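Understanding the architecture of this molecule
Chain residues, written in single-letter form:
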Amino acid sequence: MRAAVAARSQEEETIVKVLLINGSPRWKGNTNRALEEAAAALEAEGVQTELVWIGNKEIRGCIACGICGKTGDKRCVFAEDCCNELIAKAAECDGFIVGSPVYYAGMAGSLRALMDRMFYAGGTNFRFKPAAGVAVARRAGAIEAADQINKYFQINCQPIVSSSYWNIAYGRNPGEAQGDGEGLHTMRVLGRNMAWMLNSLKIAADAGLPLPEQEKRLSTNYIR
């Protein structure tokens, strides 16, 4: 019995998990479909996933009040929306994928507001976790939107996971992304690549390889 409990505890400790965030105001739209395809590929590789939707209610933007930095609790002072819940989820996962529809060649405004606050308040808990931005468009602007999402990871010491093409898919009306065979293929490759990177990082951590040393940040202002 003790051996069985020990084996089960060890198995639970080795679970690798990816959080997928649907930043579309439509829950079951094309962005969700693209993320589902990536999640299925991750699950097939033994990676646990959780797909969450930010909803279609107002999400307050960051006002750079700095209170989150003073308290040290990695929470945004504005607690009426999903921001703090997602900060906590992202801190507990091993990697994440953020998806958005394209609005004027960029991500959805509510997602932008959310990510500003998530990374300002809790970004230090996400460092070195593999991540990827996914964008879904009717026609154009998807590459720009995915790049906008990836910029949050680039400034936060997070490895960006690539695929066989840019992480984009196409579709306007709900269900149309299902007809984008190349887009869904890109999502599957993304999922497998992320699983490979996560498992490689786990092997490195188990072997005792430490994370890169963090040098104290130096900020240079142009105007003094």
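Scroll up a little and you will see the structure.
This next bit is on the side chain of Thr-49. Residue position: Thr-49 is located in strand β2 (residues 48-53). Side chain to side chain, Thr-49 and Glu-43 meet in a polar contact 2.7 Å long.

A word on the sheet that holds strand β5 (residues 168-170). Overall, parallel pairing links the 5 strands, which are arranged β2-β1-β3-β4-β5 in an open sheet. Each end of this open sheet is capped by a strand with a single partner; those strands are β2 and β5. When the angles between neighbouring strand axes are averaged without regard to direction, this sheet yields 15°. Each of β1 (17-22), β2, β3 (95-101), β4 (131-137) and β5 touches helix α2 (residues 30-44); the most contacted strand, β1, lies at about 175° to it.

Here we take up unusual backbone geometry. The phi dihedral of Tyr-104 is positive, around 50°, even though this residue is not glycine. Structurally, the position occupied by Tyr-104 is in the loop between β3 and α5 (109-122). Non-glycine residue Ala-105 carries a positive phi angle of around 60°. Relative to the helices and strands, Ala-105 is located in the loop between β3 and α5.

In this section: the nonpolar core. One recurring pattern in soluble globular proteins: nonpolar side chains tend to sit buried together. Counting 29 residues, the largest nonpolar core has Phe-96, Leu-114, Met-115, Met-118 and Phe-153 as the members making the most contacts within it. Elements with a minimum of two residues in this core: β1, α4 (83-92), β3, α5 and α6 (142-154). Broken down by element, this core gets its largest block of residues, 7 residues, from α5. Ignoring anything within four residues of it in the chain, the contact list for Met-118 reads Ile-21, Cys-83, Leu-86, Ile-87, Ala-90, Gly-123 and Phe-126. Ranked by size, the runner-up nonpolar core spans 21 residues in total, among them Leu-42, Val-136, Met-187 and Met-197.

Considering all chains together, one arrives at 0 disulfides under this definition. No disulfide involves Cys-65; its sulfur sits 6.2 Å from the nearest other cysteine sulfur, which is in Cys-68.

Reading the values: rules and limits
Residues numbered from 1 in each chain as written. Predicted model: local features only at pLDDT ≥ 70, side-chain atom pairs only at ≥ 80, totals over all residues. Heavy atoms only, no water. Helix = DSSP H or I, 4+ residues; strand = E, 2+ residues; numbered from the N terminus. Polar contact = N/O pair within 3.5 Å; in protein donor to acceptor, adjacent residues only side chain to side chain. Pairing = 2+ DSSP bridges. Axes fitted to C-alpha atoms, helices over the stretch in contact; angles between N-to-C directions. Contact = heavy atoms within 4.5 Å. Core = buried A, V, L, I, M, F, W, Y, C linked by side-chain atoms within 4.5 Å. Buried < 20%, exposed > 50% of the residue type's maximum accessible area, 1.4 Å probe, protein only. Disulfide = S-S within 2.5 Å.

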